[in-house]
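A closer look at the structure
Below are the chains, spelled out letter by letter.
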Amino acid sequence: MARRTNSVGHRTISALFLSALIFTLSSLTGAQTRPSAATSPRVPAKPKLVVLLLVDQMRGDYVDKFLGQWTGGLKRLVEEGAWFRDAAFPYAATETCVGHATISTGAFPATHGMVANAWWDRKEQKMVTCTADPDPSVKNTGYAGATPKGADTAWRMAVPSFAEELKFQTSGATRIVTFSLKARAAITMAGHKADAATWFDGGAWVTSSPYGTLPFIEEQAKSHPAKADFGKTWSLSLPESAYWYGEKALGAVPPDGWDLTFPHPLRGKTGVGEPDGAFYEQWASSPYADTALTELAEKAVDALNLGKAAGTDFLAVSYSSVDYVGHEFGPRSREIQDILVRLDKDLGDLFAHLDQKVGRGNYVVALSADHGVVPIPEDMQKTGADAGVLHLPELQERIEKAVEPFNYAKPAVARISGSDIYFAPGVYDKLQQDHAALQVVLDAALAQPGVAAVYRAEELRDRPATQSPAHRAMANSYFPGRSGDLFILPKPYWLLDGTPTGKQRSYGTGHGVPYNYDQHVPVLLMGFGIQPGQYFQPITPADIAPTLAALCGITLSSRDGHVLAEALKRPASTSAPAKSSLGAPRN
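Residues numbered from 1 in each chain as written. Predicted model: local features only at pLDDT ≥ 70, side-chain atom pairs only at ≥ 80, totals over all residues. Heavy atoms only, no water.

**Observations regarding the overall build of the chain**
The test is simple: In this text, helices come from DSSP runs of H or I with a minimum length of four residues, and strands from runs of E with a minimum of two, each type numbered from the N-terminal end. Three exposure classes are used, based on accessible area relative to the maximum for each residue type with a 1.4 Å probe and protein chains only: buried under 20%, partly exposed in between, and exposed over 50%. Only heavy atoms enter the contact rule, under which two residues are in contact if any of them lie within 4.5 Å. Where accessible areas are quoted, they stem from the Shrake-Rupley method and a 1.4 Å probe; at the residue level, only the protein chains shown are allowed to cover.
The number of helices and strands found in the chain is 20 helices and 20 strands. When the 587 residues of the chain are sorted by exposure, 54% land in the buried category. Long-range contacts, defined here as pairs at least 24 residues apart, represent 73% of the contacts in the chain between residues at least 6 apart. About 25,700 Å² of surface is accessible on the chain, with carbon and sulfur atoms providing 53% of the total.

Listed below in C-alpha cells is the structure:
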C-alpha cells in the first residue's frame, strides 16, 4: 500500500507539474499575441500646445546684453528653458520671409524656395513678394469692415510647415493659429492652410480666403482697434541711467512725426488730429503693437480652447516691432533696449495666461528670430572700422557701362534686389559664352566700393562642398529660377542700399548678408519635454521644427535641421538602465 500511495503521489505531482508547464507556455504564447494593458509599451506623452514665438530682427547678443533688465517672459525662457547660445543661420539671405520659412519648415531656402522677401520674376518681368498669390480666386479679407488689396498665401513655399505636418499626421485634430504685423511672417509660420493666419495691413487686421475668418478676431478688431492707441506716448520704462546708449542714435531715421529722442508720441503727422498713415507706422514701431499681438494670442487660447482638444494645437506669434525699430534706430539705441523690456513684460503675461488655461508643463515654447541686423554705418565708422553704404543703383550703372562695348541689349541688368543681380532675358546665357564680357562685368562689380566678392549662379547650384563659409552660405540660399544670376557679397559692416541715386535713404540700417551680426539669433526652448540649461554647441534655427516634431511624434517632409536631442528630457521609463533582481544592470 505504501508503494502504491507513493506511485499515486508521484503521478499527482507529475500531473500538476505538467499542468503548470502547459499553463505557463500558453500564458507566454498569449502574451505574445494579446498584450495586456499592464505590459504593453507606454505611448509617449505629447504636448497639448506648441507655441512658436519669433522676434523679428532680434540679434543673439541682445539676450546677453539686456537679460539683467528683464523680469517677465524673456527672463523665464532663459531661467526655465534651454538656451542655445551659438545659434546662427547658415545662409546668406537673412531676411524675414526666409527666416520664418526656415524655422517653420526646418529647411534652408535652397530647399523651401523662399529666397527673399521679394524677388525678380523672370516670366512676369517684375518683382513679386514671397507670399503674392496669382490665383484670381484668392483674395485678402479684412476684419471690422476693412477692404484690403492683394492676395497672399504660402503657395510659393515648396515644402509644408511643421504645423501643416502636425495637422495632417494627426487626422486634422490640430488647430493652427498665427499672428504677426507682416503677411510673410504669419503665412510662412502657418503654411498653406490654417484655422487662422492674421496680419496687419493699412490699419486693419487682415487674412486671406484660404485661411478664413474667425469671430473672436472680428470682435477683437472692433473692440480693440489699433486706432484706439492714437494719442498715446511711448516713454522710457526704466530710469535713464539704465540705458546703455546715448539719447540720440547716430544715423537713425525715425518715422514721420518722431524725433530722435524719447518720448515718442503716437499722433501721426503734426496737426492731423486723427489716425493717418504716419500714425500706423508709429504704432507698428511702438510697444503697443506687441501688446496687441499678445492680446490676440490670449484671445485665441480662450476662444478656441487651444491646448484642450484631443490633438496638439499650434499657436505662433511673430513680433514685428523690434524689426521696425531696428531699421529706424539701429541696434545701439535706447529704442531697441526699451522695446525689449516691454516685450519681456508682454511675454510674461502670455505665459501666465497659458499656465492658467493650458497648464504649466502641458505646452512647449520655442523662441527665436528670423535674422539680426548690422550697426548703422555712420555709427560703426566712429570705431574706425571699414564701414559704409554699398549703393546698388551705382553698381547697376557701373555694370551697364562695362558691357556697352559688347553690344548687349539695354538695359542689360533687369534688376538688382539685395545681393541678387538679375540680367535681362537672354543676357546671362550670352555672358556665359562670352568670357571676355563676363570678366568685364565681374571686374566692374568688384570695383564698386563695398563689394568683397561676386558669385555666379553656376557656382552655387546643388550646394557644392566648399571650405568657404561665405560661398556655402550663398549656396544654401540659392533656389533655381528664383535667385539671381550673379550675387554680391558686401564687405563686413557695409549696408546694401537700393535708394535711388541723389535721394536720402529712408531708414537707418538693414540686414540680409552672411555675417554673424545678421546670422546669429537666440534659440530658447521651454516647457514640455525640455531639459533646462545653457548649451554651447553650434546649431541653426532650422533645428527648431525637427525638435518640435520629435516631441509631437511626427515626421517632417524634407529638412536640413536636426533634432536638438541634448535639450530633450528622456521619458521616465528609459531615464535609467533597468536592473535585475541582483541589482546588476542588464545588457
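Back to the text.
**Concerning the pattern of salt bridges**
Going by this rule: Whenever Lys or Arg places a side-chain nitrogen within 4 Å of a carboxyl oxygen from Asp or Glu, that contact is recorded as a salt bridge.
Across all of its chains, the model carries 25 salt bridges by this definition. One salt bridge connects Glu459 with Arg456, and the closest N-O pair in it is separated by 3.6 Å. What makes Glu459 partly exposed here is its relative accessible area of 27%. Because the salt bridges share partners, they merge into one network encompassing Arg76, Glu80, Asp355 and Arg360.

**Some remarks on the packing of helix α8 (residues 215-223) against helix α10 (residues 287-304)**
Where we set the bar: Lines fitted to C-alpha atoms define the axes here, with helix axes fitted over just the stretch in contact, and angles between the N-to-C directions of these axes take values from 0 to 180 degrees. Roughly parallel covers angles under 35 degrees, roughly antiparallel covers those over 145, roughly perpendicular covers 65 to 115, and oblique covers all other angles. Handedness of a helix crossing follows the sense of rotation of the near helix relative to the far helix, less than a right angle counterclockwise being left-handed and clockwise being right-handed. When residues are sorted by character, Ala, Val, Leu, Ile, Met, Phe, Trp, Tyr, Cys and Pro go into the nonpolar class, Asp, Glu, Lys and Arg into the charged class, and all the rest, Gly among them, into the polar class.
Where α8 meets α10, the closest approach of the two axes is 10 Å, and the angle between their N-to-C directions is 140°. It follows from the interaxial angle that α8 and α10 lie oblique. Where α8 crosses over α10, the two elements pack in a sense that is right-handed. Residues Phe216, Ile217 and Gln220 of α8 form the contact with α10, whose own contacting residues are Glu295, Leu296, Lys299, Ala300, Ala303 and Leu304. Of the residues in the contact of α8 with α10, the class split is six nonpolar, one polar and two charged.

**Considerations on the pairing of strand β18 (residues 494-497)**
Selection criterion: Paired strands, in this sense, are two strands between which DSSP finds at least two bridges.
Residues Trp494 and Leu496 line one face of β18 and the alternating positions Leu495 and Asp497 line the opposite face, and both faces are buried. As paired strands, strand β13 (residues 388-391) and β18 are joined by four bridges and run parallel to one another. From the neighbouring strand, His391 faces β18, where its bridge partner is Asp497.

**Concerning the packing of aromatic side chains**
Spelled out, the test is: A pair of Phe, Tyr and Trp rings is counted when the ring centres sit within 6.5 Å of each other, with Trp represented by its six-membered ring. The angle between the planes then sorts it: under 30 degrees is stacked, over 60 is edge-to-face, the rest tilted.
Applying the stated criterion across every chain yields a total of 19 aromatic pairs. Seen in terms of ring centroids, Phe230 and Phe279 are 5.4 Å apart; in terms of plane orientation they differ by 70°. Their pairing is edge-to-face. On the criterion of sequence distance, the pair formed by Phe230 in the loop between α8 and β9 (233-234) and Phe279 in helix α9 (residues 277-284) is long-range, its members being 49 residues apart. Judged by its relative accessible area of 23%, Phe230 is partly exposed. Accessibility expressed as a relative area gives 0% for Phe279, which makes it buried.

**A look at the nonpolar core**
This is how the line gets drawn: Nine residue types can take part in a nonpolar core, namely buried Ala, Val, Leu, Ile, Met, Phe, Trp, Tyr and Cys, and a core is a set of them joined through side-chain atoms within 4.5 Å.
With 131 residues, the main nonpolar core has Leu53, Phe162, Trp205 and Trp283 as its most contacted residues. With ten residues, helix α12 (residues 334-359) is the largest single contributor of residues to this core. Residues in contact with Phe162, not counting those within four places in the same chain, are Val50, Ser104, Thr105, Phe314, Ala545, Leu548, Ala549, Cys552, Ile554 and Leu556. Within the second largest apolar cluster, 43 residues are counted, among which are Val427, Trp494, Leu495 and Leu496.

**A short note on the sheet that holds strand β17 (residues 486-490)**
Pairing within the open sheet is antiparallel, and its four strands lie in the order β14-β15-β17-β16. With partners counted over all chains shown, the strands left at the sheet margins are β14 (413-417) and β16 (451-456), one partner each. Neighbour-to-neighbour, the strand axes of the sheet open up by a mean angle of 20°, direction not taken into account. Strands in contact with helix α14 (residues 392-403) are β14, β15 (420-423) and β17; relative to β14, the strand with the most contacts, it is inclined by about 150°.

**A word on the sheet that holds strand β7 (residues 196-201)**
If you trace the ten strands from one edge of the open sheet to the other, you get β5-β8-β7-β6-β11-β1-β12-β19-β2-β20, paired in mixed fashion. At either margin of the open sheet sits one strand with a lone partner, and together these are β5 (140-142) and β20 (533-535). The sheet shows a mean angle of 20° between the axes of neighbouring strands, direction not considered. Of the strand pairs in this sheet, β7 and strand β8 (residues 204-208) are connected by three bridges, and their pairing is antiparallel.

**Notes on the packing of helix α3 (residues 73-80) against α12**
The contact between α3 and α12 brings their axes to 6 Å, and the two run at 70°. Relative to α12, the element α3 lies roughly perpendicular. Together, Gly73, Leu74, Lys75, Arg76 and Leu77 of α3 and Leu340, Asp344, Leu347, Gly348, Phe351, Ala352 and Asp355 of α12 make up the contact between the two elements. Residue composition of the contact of α3 with α12, grouped by class: six nonpolar, two polar and four charged.

**Some points on unusual backbone geometry**
Omega for the bond connecting Phe262 with Pro263 falls within 30 degrees of zero, at 0°, which places this linkage in the cis form. For Pro263, the position within the fold is in the loop between β9 and β10 (264-265). Here the residue pair Lys410 and Pro411 is connected by a cis peptide bond, since its omega of -5° sits within 30 degrees of zero. Position of Pro411 among the secondary structure elements: in the loop between α14 and β14. Even without being glycine, Ala144 reaches a positive phi, approximately 55°. If you check the backbone angles, Asn407 has positive phi at about 60° while not being a glycine. Within the element layout of this structure, Asn407 appears in the loop between α14 and β14. Among the residues examined, Asn407 registers a relative accessible area of 67% and is labelled exposed.

**Regarding the environment of Ile217**
Counting through the fold element by element, Ile217 comes out in helix α8. By relative accessible area, which is 0% here, Ile217 ends up buried. Sequence separation between Ile217 and Ala144 is 73 residues, and the spatial gap between their C-alpha atoms is 9.0 Å.

**Let's talk about the side chain of His327**
Along the chain, His327 turns up in helix α11 (residues 321-329). Each residue touching His327, except ones within four places of it in the same chain, is listed here: Gln57, Tyr507, Gly508, Thr509, Gly510 and His511.

**Focus: the side chain of His353**
Basically, it comes down to this: Side-chain atoms alone can form a polar contact between residues adjacent in sequence; in general such a contact is a pair of N or O atoms within 3.5 Å, and within protein one must be able to donate a hydrogen while the other accepts it.
For His353, the location among the structural elements is in helix α12. By relative accessible area, which is 13% here, His353 ends up buried. Within the structure, the side chain of His353 is placed 2.8 Å from the side chain of Asp302, a separation counted as a polar contact. Not counting chain neighbours up to four residues away, the residues in contact with His353 comprise Glu298, Val301 and Asp302.

No statement about biological role is implied by the geometric values presented.
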